[in-house]
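Structure assessment
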Amino acid sequence: MTHKKSIADRVGPDRYVMILRALPWSLSAGLIAAMLLGFAAARSGSRYVVLWFAVGFVGGTLGALGAALGLSNAAGALALRTLQPDGSSTPYTFDFSQIESHVVRGDHATAATLWESAISERPGDPEVRVRAADFYTGPIAHHDRALALYREVQGLAQTPPERLLYVSQRIVDLYVGPLADKGRAIVELRRIIDRWPNSTAARFGRDALARLKAEHHGDTPR
């Protein structure tokens, strides 16, 4: 048995609601149009006053309804473009929430897979690499991979200066901590001090550099 489509099936539930909302206003507009045409026909002595009244009512109602739906569509399109930009005027920002939800649940294997997919799909995105590298310095403890990603960020032209500083500090943390390479940590600290000499990071970096140099020389066999 074939189902006969209703108006809601044909135009969709959203459009059906818009029609119902616009109908009272459209009927009022149609009545005004009918009165104007009927009055004009009566003044001209036409014998078809009722016909002109009917034409005005139908035409005015349908015209007003079409205008209301058109304005609604335009407003909806503008809102959609504002809330969900297509990327032509606003840069697309990667959504980290899905990956972070796996991290919160302790599903680090899935999170790592998703991070690597994001890295492959966005070759020039420094933020994806920074966040992925931070993930690899966490419970998963893949420090060599984290270091490689931080190095990639340093080589990207799109990386903002504040992220470059952050990445440099994270590299120092890796060398001082899990990678246990004080010599390379000293090199990275010198780069931070030379590049950002007036920053807070440089001020603390000088103290850390002096301490590391003393420790490094102390570790060196005499």
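Okay, so let's go over this structure. All of these numbers come straight from a predicted model, not from anything done at the bench.

Counting its secondary structure elements, the chain contains 10 helices and 0 strands. Its helices and strands taken in sequence order, the chain reads α-α-α-α-α-α-α-α-α-α from the N to the C terminus. A total of 222 residues make up the chain; the buried ones form 28% of that total.

Attention shifts here to the pattern of salt bridges. Scanning all chains against the criterion turns up 11 salt bridges. Of the charged contacts in the structure, one is a salt bridge between Arg145 and Glu116, with a shortest N-O distance of 2.8 Å. With a gap of 29 residues between them, Arg145 in helix H7 (residues 143-154) and Glu116 in helix H5 (residues 108-121) connect regions that are remote in the sequence. With a relative accessible area of 22%, Arg145 lands in the partly exposed category. Here Lys182 makes a salt bridge to Glu215, at a shortest N to O gap of 3.4 Å. In this pair, Lys182 is assigned in helix H9 (residues 182-195) and Glu215 in helix H10 (residues 200-219), connecting sequence segments 33 residues apart. The partly exposed category is assigned to Lys182, whose relative accessible area is 25%. Each of the salt bridges in this network shares a partner with another, and the network as a whole consists of Asp134, Arg170 and Asp173.

If you add up the space inside the largest pocket, you get close to 220 Å³. Along the wall of the largest pocket there are 14 residues; nearest its centre are Val172, Asp173, Leu189, Gly205 and Ala208. Counting residues per element, the ones that place at least two in the lining of the largest pocket are helix H8 (161-176), H9 and H10. Residue classes in the lining of the largest pocket are distributed as 8 nonpolar, 3 polar and 3 charged.

Each value, and the rule that gives it
- Residues numbered from 1 in each chain as written.
- Predicted model: local features only at pLDDT ≥ 70, side-chain atom pairs only at ≥ 80, totals over all residues.
- Heavy atoms only, no water.
- Helix = DSSP H or I, 4+ residues; strand = E, 2+ residues; numbered from the N terminus.
- Buried < 20%, exposed > 50% of the residue type's maximum accessible area, 1.4 Å probe, protein only.
- Salt bridge = Lys/Arg side-chain N within 4 Å of Asp/Glu carboxyl O.
- 1 Å grid on protein atoms, 1.4 Å probe; cavity = no way out; pocket = protein on both sides within 12 Å on 5 of 7 lines; lining within 4 Å.
- Points joined across faces, edges and corners; volume = space filled by probe spheres on them.
- Nonpolar A, V, L, I, M, F, W, Y, C, P; charged D, E, K, R; others polar.

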